[in-house]
Amino acid sequence: MKNLLRSALAGVAFLAAAFGAQAQIKIAYVDPLSGLQSAVGEHGLKQLQFAIETVNAKGGVLGGQKLEVVGYDNKGTPQESLVQVQKAIDAGIRYITQGNGSGAAIAISDFVSKYNERNPGKEVLYFNYAAVDPSLTNDKCSYWHFRWDANSDIKMAALTNYIKTKSAIKKVYIIGQDYAFGQSVRKAAREMLGQKRPDIQIVGDELHPLAKITDFSPYIAKIKASGADSVITGNWGSDMALLLKAAADAGLQADWYTYYAGGAGAPTAVRQTGLDHRVFQISEWHTNVIAPEMEAFEEAFLKKYGGPNGQRWWYLRLKNQIDMFTNAINQAKSAEPKAVAAVLHNMRHKNALGVEIFMRPTDHSVFQDMYISSLGSGTKYDEEKTGWGWKTVGVIPAADTVIPTTCQMKAPT
Amino acid sequence: MLELVIFSSLNGILYGMLLFLLASGLTLIFSMMGVLNFAHASFYMLGAYFGYQISRYVGYWPGLVIAPVLVGLVGALVERYGLRAVHKHGHVAELLFTFGLAFIIEEGVQMIWGKLAVDYRVPELLNFPAFTLFETTYPAFKLFMLLMSVATFLALLSLLTKTRVGLIIQAALSHPHTVGTLGHNVPLVFMMVFGVGCGLAALAGVIAGPALVTQPAMAASLGPILFVVVVVGGLGSLAGAFVASLAIGLIQTFAVAVNVSIADVIGLVGLKVDSNAFAGDLWNATVAQVAPVIPYLLLVLVLILRPHGLMGNRDS
């Protein structure tokens, strides 16, 4: 029923938008809104919605124009993403945002580049808040693609630097999703561990189908049998939550080095494993990195969109994206994508933590401080009402995350 | 190694028994009515959602009984007012009918319960580790799933072999027309079998729902595997469905544990295939990586080499 109501409301909103409020600047959110990965997709949509409401409450952009987000369900696949992006463009939307899945991200980036080449004057921008396959800002980079997250290699470098200091780690198991991103995580983990800790034995290296598995017990049995003391994984969404859930069921005692153990549903599963401060994540922020502006913003989000499970804000990068986007529109004095892109191209921004982050013009990738944190007891804020929250165990300053790019960006003439 | 074998066996048998709960109904319906029910997995999903809804009001346990009964009734109604009306237009029409029904149920579920997975929880009573072996725990709920499916299997077996109704059903399995000629109310038997088959699928849904994520795609992800089970086992053979269910459950679980690739096998004789070679990814894919495809490979092979399936004995 809730969904019927929601679609009815969306229909009304659409009509209202069609007749009258022409000044809206629309952003198409193209991410999984059905299927196994939809929990993550919906959580992202709520955050984007809230970020935009905050901007609108302060008067919008260009002295009164409002932003609006429209959700498009890409079902988690590259093919469907393109169908949805085309739909959004047909509906007159010039800004696309997507984050869940590098496979879809690569397809969208390529599509948008070609579209812009063929349709000068009608350019579309693609804002990527979470797809971190390194190729997106290297060999497959595009002037029209902007990424607000650190790429997978940067995250792995940070995690392995941390692992380097932990001499107790002897046997590592690498498990990931079988597609572009999972493969690059696996490759980076192998290379970097080999350089930094050649004594560590890689006892398993596994790829499983993306977003298809509902019971990870066979994989956990294998990890257990390998004798691994630590697991490295880039899994996200249901693949992270269910993997941890199976680990909890089997009572697997291992440390977890993850990219996305903060994603929807995962903290609940971590709590079930009972692994107190033994599950680590690398991210640009977490709720216990406390700064006044972000804290107030996060509290307001929890109150409005937290829902029965107390889901907190997760993507500082999504807030950075919307803040930089609106600043860029105001600076350019235009909501034309080409003008906005020219400003974003080399923008510096003081974020809600009061720290400066910057867009690198050579590959359109944002660099920012990164945090390694562990989930466990005794923190100020907890996740998903588990009583456990994230605690910082290491900070990597933005300057140390800058790695070279092979991107040969073609700026439009 | 031993612990991997033991836990993989447990997981494999559990998955296999769950498949059997679904496949038994599917194969019974097929052998009696000649209808390959594409919507069968949808009834499994309905079972999980009904169970979830009931559990929100009165807890998990009543749902274990009420949900399968309700879904069984829905199934019987579908047969009485849907399939029976379509029946006179032949098997293709019936097939298309169930095909459409599967989509309608999926959309309906999404409209009522939304596209997100619902929070269907393991009952508190069973939320503890049942036993610990080699420092690995096995959840009590999974043990319960295993026992429930074995119990259902035994009940079904005795119903079919020890009761009068079972006799008629068995007769109708091999000689449906003769049974009709003997004066039994064949349409009623059809309706019952369809209803009970759907009820069994729903029971599988209620016991799998909390463990395997209750979400709108659960029917679509399980449906194709069911057809593999039924075809490999032999269309219309209950024993075949049982063997094939367990075999596929075990094969899929054990395949995950095997890390050997074709390149490794070639490597044994001293040749090296790296990923830059022609179709390098194919040679280097491990059995674990191709695990999801193995059942379908089996399906294709069985259809070519033994079209009747392992234990099938009748042409459809």
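### Observations regarding the overall build of chain A
Piece 1. Per the secondary structure count, chain A includes twelve helices and 15 strands.
Piece 2. For a compact globule of 413 residues, the expected C-alpha radius of gyration is about 22 Å, and chain A comes in at 21 Å, within 12% of that figure.
Piece 3. Across its three principal directions, the C-alpha atoms of chain A cover 65 × 50 × 40 Å.
Piece 4. Looking at chain A residue by residue over its 413 residues, the buried ones come to 55%.
Piece 5. Pairs at least 24 residues apart make up 71% of the contacts formed inside chain A by residues separated by at least 6 positions.

### Some details on the overall build of chain B
Piece 1. A tally of regular secondary structure across chain B gives 14 helices and two strands.
Piece 2. Rg of the C-alpha trace for chain B: 21 Å, near the compact-globule value of 20 Å for 316 residues, within the 12% margin.
Piece 3. Across its three principal axes, chain B shows a C-alpha extent of roughly 70 × 50 × 40 Å.
Piece 4. Looking at chain B as a whole, 45% of its 316 residues qualify as buried.
Piece 5. The contacts of chain B with a sequence gap of at least 6 include a subset with a gap of at least 24, amounting to 78%.

### Looking at helix 9 (residues 266–273) of chain A
Every α-helix winds through 3.6 residues per turn, so residues three or four apart in the chain are directed the same way.
Residue and element names in this part refer to chain A.
Piece 1. The buried fraction of helix 9 is high, at seven of eight residues.
Piece 2. Those residues of helix 9 lying buried are Ala266, Pro267, Thr268, Ala269, Val270, Arg271 and Thr273.
Piece 3. Summarising the contacts, the buried residues of helix 9 are in contact with helix 8 (238–250), strand 10 (279–283) and strand 14 (370–376).
Piece 4. Phi for Gly274, located one or two positions after helix 9, is positive at around 70°.

### Looking at the environment of Ala248 of chain A
Piece 1. As for its position among the elements, Ala248 of chain A is in helix 8.
Piece 2. Residue Ala248 of chain A is classed as buried on the basis of its 21 C-beta neighbours within 10 Å.

### Comments concerning the interface of chain B and chain A
Piece 1. Contacts between the two partners involve 30 residues from chain B and, on the opposite side, 28 residues from chain A.
Piece 2. The set of elements that each furnish at least two residues to the side of chain B that touches chain A consists of helix 1 (2–33), helix 4 (91–113), strand 2 (136–139), helix 8 (186–212), helix 10 (238–257) and helix 13 (287–290) of chain B.
Piece 3. No other element matches the five residues that helix 1 of chain B contributes to the side of chain B that touches chain A.
Piece 4. Taken together, the residues of the side of chain B that touches chain A sort by class into 18 nonpolar, ten polar and two charged.

### Here's the deal with the sheet that holds strand 8 (residues 230–233) of chain A
All names here are of chain A.
Piece 1. One open sheet accounts for seven strands, arranged 7-6-8-9-10-14-15; its pairing is mixed. If you trace the sheet from one side to the other, it starts and ends with strand 7 (201–208) and strand 15 (389–396), each paired once. Taken pair by pair, the neighbouring strands of this sheet meet at an average axis angle of 20°, ignoring direction.
Piece 2. Pairing between strand 8 and strand 9 (residues 255–258): four bridges, direction parallel. The partner of Thr233 across the bridge, within strand 9, is Thr258.
Piece 3. Sheet contacts for helix 7 (residues 217–226): strand 6 (171–177), strand 7 and strand 8; angle to strand 7, the most-contacted strand, approximately 170°.

### Notes on helix 2 (residues 38–57) of chain A
Residue and element names in this part refer to chain A.
Piece 1. Between its first and last C-alpha atoms helix 2 spans 28 Å; for 20 residues at 1.5 Å apiece the expected length is 28 Å, and the two agree.
Piece 2. Among the residues making up helix 2, those that are buried are Ser38, Ala39, Val40, Gly41, Glu42, His43, Gly44, Gln47, Leu48, Phe50, Ala51 and Ile52.
Piece 3. Structurally, helix 2 contributes buried residues whose contacts are with strand 1 (25–31), strand 2 (67–73), helix 8, helix 10 (292–305) and helix 11 (316–332).
Piece 4. At the exit of helix 2 stands Gly59, carrying a positive phi of roughly 105°.

### Observations regarding the domain arrangement of chain A
Residues and elements named next belong to chain A.
Piece 1. Examined at the domain level, chain A breaks down into domain 1 (2–150 + 292–367) and domain 2 (153–283).
Piece 2. Contributions of two or more residues to the side of domain 1 that touches domain 2 are made by helix 2 and helix 4 (102–118).
Piece 3. Considered class by class, the residues forming the side of domain 1 that touches domain 2 number eight nonpolar, eight polar and one charged.

### Description of the pairing of strand 14 of chain A
Residue and element names in this part refer to chain A.
Piece 1. By the criterion of burial, strand 14 is predominantly enclosed, with seven of the seven residues buried.
Piece 2. Burial along strand 14 is two-sided: the residues Met370, Ile372, Ser374 and Gly376 and Tyr371, Ser373 and Leu375 are all buried.
Piece 3. Two elements, strand 10 and strand 14, share five bridges in a ladder whose sense is antiparallel. Note that in strand 14 the partner of Ser283 across the bridge is Tyr371.

### Some points on the confidence of the model for chain A
Piece 1. Confidence in the prediction of chain A, expressed as mean pLDDT, is 90, and 94% of residues score 70 or more.
Piece 2. Note that residues 15–22 of chain A has pLDDT below 50 and, in this model, three contacts with residues that lie over four places away or in other chains.

### Overview of unusual backbone geometry
Residue and element names in this part refer to chain A.
Piece 1. Even without being a glycine, Lys333 presents a positive backbone phi close to 55°.
Piece 2. Phi is positive for Lys385, close to 55°, though the residue is something other than glycine.
Piece 3. Residue Lys385 is classed as partly exposed on the basis of its C-beta count, with 15 C-beta atoms lying within 10 Å.

### Brief notes about the nonpolar core
Piece 1. Within the largest apolar cluster, 216 residues are counted, with the highest numbers of intra-cluster contacts made by Tyr44, Ala202 and Val229 of chain B.
Piece 2. Considering every element that reaches this core, the biggest residue donor is helix 8 of chain B, with 17 residues.
Piece 3. When residues of this core are assigned to domains, at least three map to each of domain 1 (2–150 + 292–367) and domain 2 (153–283) of chain A.
Piece 4. Every residue in contact with Val229 of chain B, bar those within four places of it in the chain, is listed here: Leu19, Ala23, Ala241, Ala244, Ser245 and Ile248 of chain B.

### Thoughts on the environment of Val112 of chain A
Residue and element names in this part refer to chain A.
Piece 1. Relative to the helices and strands, Val112 resides in helix 4.
Piece 2. On the basis of neighbour count, Val112 is assigned to the buried category, with 23 C-beta atoms found within 10 Å.
Piece 3. In this structure, the C-alpha to C-alpha distance between Val112 and Val85, residues 27 residues apart in sequence, is 8.7 Å.
Piece 4. The contacts of Val112, once residues within four sequence positions are left out, are Ile96, Val124, Tyr126, Trp144 and His145.

How each quantity is defined
Residues numbered from 1 in each chain as written. Chains lettered and ligands numbered in written order. Predicted model: local features only at pLDDT ≥ 70, side-chain atom pairs only at ≥ 80, totals over all residues. Helix = DSSP H or I, 4+ residues; strand = E, 2+ residues; numbered from the N terminus. Rg over C-alpha atoms; globule rule 2.2 N^0.38 Å. Buried ≥ 20, exposed ≤ 12 C-beta atoms within 10 Å, placed from the backbone. Contact = placed C-beta atoms within 7 Å. Nonpolar A, V, L, I, M, F, W, Y, C, P; charged D, E, K, R; others polar. Pairing = 2+ DSSP bridges. Axes fitted to C-alpha atoms, helices over the stretch in contact; angles between N-to-C directions. Expected span 1.5 Å × (residues − 1). Domains from an automatic or database assignment. pLDDT = per-residue confidence, 0-100. Core = buried A, V, L, I, M, F, W, Y, C linked by C-beta atoms within 7 Å.

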